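Here is how the chains run, residue by residue.
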Amino acid sequence: MWALSLSAREVEAVRALTNEIALQHKSVEDAEFIRHASVYAHELPQHIRQFLNEFKLLEPADGVCLVSGYPIDNTRIGKTPAHWKWKLDASTSLPEQIMFVLFGCLLGEPFAWATQQDGYLMHDVFPIEGNRYDQLGTGSEQTLWWHTEDAFHPHRADYLGLMCLRNPDNVATTLGSPDLSRLPAEQLDILFQPRYVIKPDESHAEKNESDLHKQDREHNDDGLLNSAYERIKQLNSAPPEVPLLFGARQNPYICLDPYFTIPLDDEAGAALNALAQTVDDNLQELVLQPGDCIFIDNYRVVHGRKAFKARYDGTDRWLKRINLTRDLRKSHGARGGCEMRVML
Ligand SMILES: [Fe+2]
């Protein structure tokens, strides 16, 4: 894995920069902050900028990079919340969230989904009691099966960022990619063909919208949010037929979420099973530590999480998550304008 451990001098430079930005913006959701974030990122130490830029341009096969060494003040960030809807740490972890966004801006532009975590750009990943058995980042008792983030959607992220605020039980993130050299040419051909449908995952389901968002939608929506949920329902009932591999034949990109994938014929099913076996055989475990930021190339690497026993006492594993796209223009029609960052 590509890894960069921040030096003491780099930590100080990052801290000074993020504290200064935090004086100007109350939240990373602030549209003005997001507009300026990629310029603020120019002020990060050159070593960090070079590291992330090379990860982006060289597209290493292992497809994950880690920036570690930033100390997290476990007291200042507060308890792990019981739900993400209140954004309780909007100010207490603001410098860390700013750092995470600035790192991400060296790879792409942050964006959000109207139908996921109430449309916030900065997601929270911690166990929620009501999601205990669900296939969600906020679940815990079930293995979160490996997947490409938002595999069902053509505007899915190029990179998925995860920043660890705490992980006292050393819960492992899983990471993997297929070994296509183990598959016969006929199965590779099939995987490049639109012989699969991928349904939306649970995180976009209307039932996982918060009550606050629901009330707001009922009283203030101009119709856009309702139609965003309608589109998810359509993608669930009539998902488009897609391939699971695309791009260069010798070094293809992947789009995999077997849990929500339906092969359209037996041969397609056998090819998916063969591919999935190669991922399972080499699935890696990474235990994120406080301050670790990883960026996962969502076109090359799948991710998931091991099952674990949640505490629900304010000390649970807590990650932040952002979606990054290399090209916002591709989703112009889905966002309703160049300044909008929320996919409808
Ligand atoms: Fe995910």
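Note that the coordinates shown come from a computational prediction; the quantities given were computed from them, not determined experimentally. (Residues numbered from 1 in each chain as written. Predicted model: local features only at pLDDT ≥ 70, side-chain atom pairs only at ≥ 80, totals over all residues. Heavy atoms only, no water.)

Student: It is not clear to me how the pattern of salt bridges should be interpreted in this structure. Could you clarify?
Tutor: Taken as a whole and judged by the stated rule, the model has 23 salt bridges. E339 serves as the salt-bridge partner of R35, at 3.2 Å between the closest nitrogen and oxygen. Placement of the pair is R35 in helix α2 (residues 31–40) and E339 in the loop between α9 (332–335) and β17 (342–343), with a sequence separation of 304 residues. Among the residues examined, R35 registers a relative accessible area of 44% and is labelled partly exposed. Notably, a salt bridge pairs R326 with E59, separated by 3.9 Å at the nearest N-O pair. With R326 in the loop between β16 (318–325) and α9 and E59 in the loop between α3 (46–58) and β2 (64–68), this pair connects stretches of sequence that are 267 residues apart. Residues joined in a network through salt bridges with shared partners are K87, D89, D124 and K320. (Salt bridge = Lys/Arg side-chain N within 4 Å of Asp/Glu carboxyl O. Helix = DSSP H or I, 4+ residues; strand = E, 2+ residues; numbered from the N terminus. Buried < 20%, exposed > 50% of the residue type's maximum accessible area, 1.4 Å probe, protein only.)

Student: I would appreciate a short explanation of the sheet that holds strand β15 (residues 302–305) in the present structure.
Tutor: By way of backbone hydrogen bonds, the strands of a sheet pair with one another, either parallel or antiparallel. Read across the open sheet, the four strands follow the order β5-β15-β7-β13; overall the sheet is antiparallel. Both outer strands of the open sheet, β5 (144–147) and β13 (284–287), are each paired with one neighbouring strand and no more. Along the sheet, successive strands turn relative to each other by an average axial angle of 25°, direction set aside. Pairing geometry for strand β7 (residues 172–176) and β15, over four bridges, is antiparallel. In the sheet register, T173 faces β15, and the bridge partner there is R305. (Pairing = 2+ DSSP bridges. Axes fitted to C-alpha atoms, helices over the stretch in contact; angles between N-to-C directions.)

Student: Please explain the nonpolar core as it appears in this structure.
Tutor: In summary, soluble globular proteins display a tendency toward joint burial of nonpolar side chains. F33, L44, L52, V101, L102, F103 and F295 are the most contacted members of the largest nonpolar core, which has 46 residues in total. The set of elements that each furnish at least two residues to this core consists of α1 (8–24), α2, α3, β2, α4 (94–105), β6 (159–166), β14 (293–297) and β16. For this core, the element with the highest residue contribution is α4, accounting for eight residues. Those residues in contact with V101, other than ones at most four positions away along the chain, are V28, F33, I34, A37, P110, M122 and I322. Core analysis: the second largest hydrophobic core is formed by 24 residues, A151, L188, Y196 and L272 among them. (Core = buried A, V, L, I, M, F, W, Y, C linked by side-chain atoms within 4.5 Å. Contact = heavy atoms within 4.5 Å.)

Student: Can you walk me through the coordination of the iron ion in this structure?
Tutor: Tetrahedral coordination by four donors puts the ideal angle at the metal at 109.5 degrees, and octahedral coordination by six puts it at 90 or 180 degrees. The coordination sphere of the iron ion, as far as protein atoms go, consists of H147 (NE2), E149 (OE) and H303 (NE2), spread over 2.0 to 2.2 Å. For E149, a relative accessible area of 5% gives the class buried. The class for H303 is buried, based on a relative accessible area of 6%. (Donors = N, O, S within 2.8 Å, 3.2 Å for Na, K, Ca; no water.)

Student: What am I meant to see in the sheet that holds strand β12 (residues 261–263) here?
Tutor: The antiparallel open sheet is built from three strands, whose spatial order is β9-β8-β12. One side of each edge strand has no neighbouring strand; the edge strands of this open sheet are β9 (241–242) and β12. Sitting on the sheet, helix α8 (residues 266–281) touches β8 (196–198) and β12, and the angle it makes with β12 is about 130°.

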